[in-house]
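# Close look at the chain arrangement
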Amino acid sequence: MREEQRAGVYARREEVLRDGITQDRMDGIIHSVIPTLVLAARTGPQDVDRLAQALGTLCPATVSRDTIAVGLSGSPTSKVRADLVEAVVRDVRAADTARVAELGPDTAARLRRRVMLSVLDRLWRGQLRDLDDAQDGQTLRTVAGGDALGGYQRTASRLAATMWEEIDEQFVGYWVNVEV
């Protein structure tokens, strides 16, 4: 599992170094991150606050708390939830466009690359620590008669899925908010 994840991280690093973060790639990341955040949110008042905070961290210009509350009032497949996703995507894309205009295309391309590599490297180091901790925990389960390999593989898969989501989410947040 660790080697598969390492290969994925190194492939992503090579892609970023080679191609940078093109506008198409940036749009793809935005269209991946926002629905994941919005569609995963539940409908309670605390969930509205959590999503508002997450979106505010991601992009200061995102929709209001009231708009979020209305959007979360529907089921994940409802039109109001889809409208919320669309509104947030619009705000984040506008922030991205403004950032590129502010910096100029060449500087923006270099900064996008640096931000993505920084986030990728930092989260990969954290992932390695988490995998070590998971391996240590599975060793204890083996001593107790549990299924160490299966448990480790399930944990490693869950950690990998979380890491990839966090990479894109943190990249967008840092890119939109980084001060130059």
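The structure under discussion appears in the preceding block.
Since the model is a prediction, treat every value here as computed from it, not as a measurement.

Another point: the packing of helix H3 (residues 45-58) against helix H4 (residues 65-72). Where H3 meets H4, the closest approach of the two axes is 9 Å, and the angle between their N-to-C directions is 125°. In terms of their interaxial angle, H3 and H4 are classed as oblique. Relative to H4, the crossing made by H3 is right-handed. Counting all contacts with H3, which are made through Pro45, Asp47, Val48, Asp49, Leu51, Ala52 and Leu55, the residues of H4 involved are Arg65, Ile68, Ala69 and Leu72. Split by residue class, the contact of H3 with H4 holds eight nonpolar, no polar and three charged.

Let us look at helix H5 (residues 79-103). Its 25 residues give H5 an end-to-end C-alpha distance of 36 Å, which sits within 8% of 36 Å, the value for a rise of 1.5 Å per residue. Regarding H5, the residues found buried are Arg81, Leu84, Val85, Ala87, Val88, Val89, Val92, Ala95, Asp96, Arg99 and Leu103. Immediately downstream of H5, the backbone of Gly104 shows phi near 90°, a positive value.

With that out of the way, let us pick up the environment of Thr57. Examined against the element boundaries, Thr57 turns out to sit in helix H3. As for Thr57 and Gly173, which are separated by 116 residues in sequence, their C-alpha atoms are 6.5 Å apart. Apart from the residues within four sequence positions on either side, Thr57 is in contact with Gly173 and Asn177.

Cut-offs and rules
- Residues numbered from 1 in each chain as written.
- Predicted model: local features only at pLDDT ≥ 70, side-chain atom pairs only at ≥ 80, totals over all residues.
- Heavy atoms only, no water.
- Axes fitted to C-alpha atoms, helices over the stretch in contact; angles between N-to-C directions.
- Helix = DSSP H or I, 4+ residues; strand = E, 2+ residues; numbered from the N terminus.
- Parallel < 35°, antiparallel > 145°, perpendicular 65-115°, else oblique.
- Left-handed = near helix turned anticlockwise from the far one by under 90°.
- Contact = heavy atoms within 4.5 Å.
- Nonpolar A, V, L, I, M, F, W, Y, C, P; charged D, E, K, R; others polar.
- Expected span 1.5 Å × (residues − 1).
- Buried < 20%, exposed > 50% of the residue type's maximum accessible area, 1.4 Å probe, protein only.

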